[in-house]
Each structure stands twice: as C-alpha cells, then as structure tokens.
Amino acid sequence: GQQVMQIPQYQHVQEGEDFTTYCNSSTTLSNIQWYKQRPGGHPVFLIQLVKSGEVKKQKRLTFQFGEAKKNSSLHITATQTTDVGTYFCAGRREYGNKLVFGAGTILRVKS
Amino acid sequence: ETGVTQTPRHLVMGMTNKKSLKCEQHLGHNAMYWYKQSAKKPLELMFVYSLEERVENNSVPSRFSPECPNSSHLFLHLHTLQPEDSALYLCASSQDRSNYGYGYTFGSGTRLTVV
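Residues numbered from 1 in each chain as written. Chains lettered and ligands numbered in written order. Predicted model: local features only at pLDDT ≥ 70, side-chain atom pairs only at ≥ 80, totals over all residues. Heavy atoms only, no water.

K.L.:
Any chance you could break down the state of the cysteines for me, citing the residues and the numbers?
P.N.:
Taken as a whole and judged by the stated rule, the model has two disulfides over all chains. Sulfur-sulfur distance for the disulfide between A:Cys23 and A:Cys89 comes to 2.0 Å. One quick way to see it: the torsion about the S-S bond of A:Cys23 and A:Cys89 is about 75°, and its sign makes the bridge right-handed. Placement of the pair is A:Cys23 in strand β3 (residues 19–25) and A:Cys89 in strand β9 (residues 85–93), with a sequence separation of 66 residues. Residue classification places A:Cys23 among the buried positions, given a relative accessible area of 1%. There is a disulfide in this structure between B:Cys23 and B:Cys91, and the S-S distance comes to 1.9 Å. As the torsion about the S-S bond is roughly -75°, the B:Cys23-B:Cys91 disulfide counts as left-handed. Residue B:Cys23 is found in strand β3 (residues 18–25), and its partner B:Cys91 is found in strand β9 (residues 87–94); the two are separated by 68 residues along the sequence. Just as B:Cys23 is buried, B:Cys91 falls in that class too. Take B:Cys68: it sits in no disulfide, and the sulfur closest to it among the cysteines is that of B:Cys91, at 9.1 Å. Among the residues examined, B:Cys68 registers a relative accessible area of 12% and is labelled buried. (Disulfide = S-S within 2.5 Å. Helix = DSSP H or I, 4+ residues; strand = E, 2+ residues; numbered from the N terminus. Buried < 20%, exposed > 50% of the residue type's maximum accessible area, 1.4 Å probe, protein only.)

What follows is the structure in structure tokens.
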C-alpha cells in the first residue's frame, strides 16, 4: 500500500537555527498537505501543494513539492519557541481519495 | 473553536464499559473522519463518511462502531475495549472526500484511557 515516510523523527535546535523536515512517498502523489500539532493539541492544516516543483512560503516557513511529486519538504528559517510541535505531511495518491499521513517530525526549540 | 467539536475531552473507561465519542462540525463539510493517534505511531485512519455514507473502514476491530446520523454529526461507539486502545481519538472533516484544495479540520480530540 501507499506509504509516506518522514524524516527526521526528532529534531532539537537552538532558537534561531533553521529546521527542515522531509517527506517521501512510495507512489506519485496528486497533492501533499502539511499540518502542525502543538504539544497537547490537535493537527492544524498549514498548506497544500499540488503542482510539480511547487514552492510556497508562509512567513518563515517554506514548503516544496518535488519535481516527481514523490517528495516534499518543510523548511523553517530562524526557528522560534512558538515553532515547537510535530509537523506532519500527508499525501494523496494520484487518482485516489485516501490521505496518508507520515509519522511526523517532532521539533523542539531551545531558547 | 476549530469548527469541529469533540466530546468528551477525556474519558476513562473499564474494559467492560460501553461509551460513545461525539463529534460535531459547523463548517458545512460533507466528509467526516475518525483517526486514532497513539504515541510514536502515525495517524491511523479508522473510518470515513462521505455524505453520511460510510466509504472506508480500515480493518478496525468491531469493538469500535461508527455512526453518522447526518452530515454534521459523527459518533464512535465503544464497547469491550482493550488497554491498547488507549489513545487520542481525533475527528476531522473536509469539504468533500476528494478534498482538492482543502485541508482537514481536526477537532481537539478525546483522550481515551482504558483501564
């Protein structure tokens, strides 16, 4: 079945450092979504990428969708303590409806 | 606060109890989902309802029984659960099942502990 792998599992950074999480799918995706879950909270939708090679920015967050539409990344520039949480990618296979979530990357920021 | 309301927020139940989780959405969405979130595991999709019809059941044990009486309400009925069923149960909704262009809106979840 379709699998979505996310790395790293954990990342501890010093406040001000950059952070990147990577998402890889075993199959070509029609679109990919990113979510953030704060500690003790629930996943919150951040963004959706649809086009091959697409790049979108939200303030300090940069999202990329690979040319082959099988991988994606989320990069945070100059992390802040408010960035702590778990970042999930979720991909939908081409011609499919099922959204498959990655295991998430836990980000901790040391001030 | 998210448009998807889950009750109760916390639930402790014995293995012989019967309880129900409730989810309500005020977003006008047509699809609703139940997810299970356990420590160190990916979000596990349990059930999908689209326009009140169950369209997906991911090999979930029969001790979990969903119900969707209308497009705004979703229930998860629980009976004779096991300790390993302890987890955060999340309800989500989306515009439609294909979800093109829209993300899922999650509720705050029910933290379930089976003793």
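Additional details are given in the paragraphs that follow.
K.L.:
Can you lay out the packing of aromatic side chains for me, pointing to particular residues and giving the numbers?
P.N.:
This model, assessed by the stated rule, comprises 13 aromatic pairs over all chains. Seen in terms of ring centroids, B:Tyr35 and B:Tyr104 are 6.5 Å apart; in terms of plane orientation they differ by 55°. Their pairing is tilted. With B:Tyr35 in strand β4 (residues 31–37) and B:Tyr104 in the loop between β9 and β10 (105–106), this pair connects stretches of sequence that are 69 residues apart. Residue classification places B:Tyr104 among the buried residues on the basis of a relative accessible area of 3%. The structure contains a cluster of three or more aromatic residues connected by ring pairs, namely A:Tyr35, A:Phe45, A:Phe88, A:Phe101, B:Tyr33, B:Tyr35, B:Tyr104 and B:Phe106. (Phe/Tyr/Trp six-rings, centres within 6.5 Å; stacked < 30°, edge-to-face > 60°.)

K.L.:
Could you give an account of the interface of chain B and chain A, naming the residues involved and the relevant values?
P.N.:
Across the contact, 23 residues belong to chain B and 20 residues belong to chain A. Summing both sides of the interface, chain B and chain A together bury roughly 1,700 Å²; the carbon and sulfur share of this comes to 53%. Our count for the contact surface shared by chain B and chain A stands at zero salt bridges. In this structure, the connection of chain B to chain A is made through two residue pairs in polar contact (both at pLDDT 80 or more). (Contact = heavy atoms within 4.5 Å. Buried area = accessible area lost by both parts, 1.4 Å probe. Salt bridge = Lys/Arg side-chain N within 4 Å of Asp/Glu carboxyl O. Polar contact = N/O pair within 3.5 Å; in protein donor to acceptor, adjacent residues only side chain to side chain.)

K.L.:
Which residues make up the layout of surface pockets, and what are the values?
P.N.:
Its boundaries defined by the atoms lining it, the largest pocket holds a volume of some 950 Å³. Around the largest pocket, the lining comprises 41 residues; the ones closest to its centre are A:Phe88, B:Gln37, B:Ser38, B:Lys41 and B:Pro42. If you list the elements that add at least two residues to the lining of the largest pocket, you get β1 (4–7), β9, β10 (99–101) and β11 (105–110) of chain A together with β4 and β5 (44–50) of chain B. Looking at side-chain class alone, the lining of the largest pocket contains 16 nonpolar, 17 polar and eight charged residues. (1 Å grid on protein atoms, 1.4 Å probe; cavity = no way out; pocket = protein on both sides within 12 Å on 5 of 7 lines; lining within 4 Å. Points joined across faces, edges and corners; volume = space filled by probe spheres on them. Nonpolar A, V, L, I, M, F, W, Y, C, P; charged D, E, K, R; others polar.)

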